[in-house]
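Report on the structure
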Amino acid sequence: MINMKPHSIKSISEYHRVLGIPKPEHPLISLINIDSITNRPERVSIKVVFDFYAIALKRMDGIKYKYGQLNYDFEDDGVLFFMSPNQVLNVEIFEQEMSKSPSGWILLIHPDFIWNTLLAQSIKQYDFFDYSVHEALFLSGKEEKILNGIIENIQQEYHSNLDDFTKQIIVTHVENLLSYCERFYHRQFITREKAHHQILIRLEELLNKYFNDDHLISKGLPTVQYVSAQLNVSVSYLSRLLKVLTGQTTQQHVHNKVIEKAKEKLSTTDLSISEIAYELGFEHSQAFSRLFKSKTNWSPLAFRQSFN
């Protein structure tokens with residue numbers, strides 16, 4: 001398969017042309033009703049990179065979105081996903097497979113629109129802009145109604161006469177929208193218990209295997225990026241999920257496993273502190289000792305001596 005170069009869409013106006021809809025009323029922000037899109041090819045497979053933020057609520061069969069080897073089929077109602085500038089999105093459309101007309105909305109926001117506002121900084125703090133599509137937000141009917149109400153307010157302001165107050169009013173609505181999305185994601189981490197519990201089990205199995213297969217000496221400690229890739233989830237999603245479910249980040253889970261193995265070696269072997277540090281993937285024993293002390297309030301030597 002040929003690795004296609006992503007098609008870069010530089011402006012919201014350009015994206016409107018691609019979709020076959022009239023140009024936006026404002027060059028830096030747009031709200032698109034999906035059922036108004038006229039340019040729907042029967043079949044397309046393309047990589048796209050936007051230079052702007054996109055928040056989309058979509059209901060459509062026969063359309064697949066892919067990040068790398070990860071697929072997501074929009075078969076459920078009320079699925080919300082997010083894209084940040086420069087994020088690569090693979091789109092595969094099979095029009096003949098669509099059982100009903102697509103619906104929903106897409107909110108497009110160029111970074112220049114929120115420049116010099118508090119949102120310009122706070123929008124970067126929302127982890128879900130870095131989530132993969134298969135980590136989309138599944139909305140309940142009540143949640144979807146709340147977000148649609150905010151979108152209606154944005155749409156009303158967007159189509160009114162633009163004045164000095166328009167930008168701040170829209171930005172306030174967007175901040176409100178993102179705050180609700182943050183709440184709903186927190187709910188999803190809790191209510192999708194079975195799927196997330198399986199991730200926790202796989203994480204434990206992954207770390208056990210890594211620490212028991214002598215990977216530490218040759219590869220060092222597992223990175224957050226490595227763990228996320230092995231679990232087939234994005235770095236930000238995994239960290240947020242673990243924080244909600246366990247109160248600890250991915251890095252903290254790795255460190256907990258290090259301490260567990262260190263205690264085992266300190267209490268059951270005659271290896272020196274330096275030898276244990278080496279076997280646990282540390283280049284310098286001082287780094288191992290600092291981590292052990294920070295997690296246990298004991299130095300490795302004091303912990304060992306406590307058994308005598």
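Details of the overall build of the protein chain
In terms of helices and strands, the protein chain carries twelve helices and ten strands. Sequence-distant contacts, at least 24 apart, represent 73% of the contacts inside the protein chain between residues at least 6 apart. A total of about 16400 Å² of accessible surface is found on the protein chain, and carbon and sulfur atoms cover 50% of it.

Let's talk about the packing of helix H4 (residues 166-191) against helix H8 (residues 235-246)
Axis separation between H4 and H8 bottoms out at 10 Å; the angle between their running directions is 70°. In terms of their interaxial angle, H4 and H8 are classed as roughly perpendicular. Within the contact between the two elements, H4 uses Glu182, Tyr185, His186, Gln188, Phe189 and Ile190 and H8 uses Tyr237, Arg240, Leu241, Val244 and Leu245. When its residues are assigned to classes, the contact of H4 with H8 shows seven nonpolar, two polar and two charged.

Considering the pairing of strand E7 (residues 79-83)
Most of E7 sits inside the fold, with five of its five residues counted as buried. Because side chains alternate across E7, one face comprises the buried residues Val79, Phe81 and Met83, and the other comprises Leu80 and Phe82, equally buried. Sheet topology places strand E4 (residues 53-59) next to E7; five bridges connect them, and they run antiparallel. Looking across to E7, one finds that leucine 57 is bridged to leucine 80. Here two bridges tie E7 to strand E10 (residues 137-138), and the two strands are oriented antiparallel to one another. Looking at the pairing, leucine 80 lines up with leucine 137 of E10.

Digging into the sheet that holds E10
Spatially, five strands are ordered E2-E9-E4-E7-E10 in an open sheet, and the strand pairing comes out antiparallel. Of all the strands in the sheet, just strand E2 (29-33) and E10 have a single pairing partner and so form its edges. Contacts from helix H3 (residues 141-159) reach E2, E4, E7, strand E9 (103-109) and E10, with the element oriented near 125° to E2.

So, how was this worked out
Residues numbered from 1 in each chain as written. Predicted model: local features only at pLDDT ≥ 70, side-chain atom pairs only at ≥ 80, totals over all residues. Heavy atoms only, no water. Helix = DSSP H or I, 4+ residues; strand = E, 2+ residues; numbered from the N terminus. Contact = heavy atoms within 4.5 Å. Areas by Shrake-Rupley, 256 points an atom, 1.4 Å probe, with all protein chains shown as cover. Axes fitted to C-alpha atoms, helices over the stretch in contact; angles between N-to-C directions. Parallel < 35°, antiparallel > 145°, perpendicular 65-115°, else oblique. Nonpolar A, V, L, I, M, F, W, Y, C, P; charged D, E, K, R; others polar. Buried < 20%, exposed > 50% of the residue type's maximum accessible area, 1.4 Å probe, protein only. Pairing = 2+ DSSP bridges.

Remember, this is a structural readout, not a statement about activity or role.
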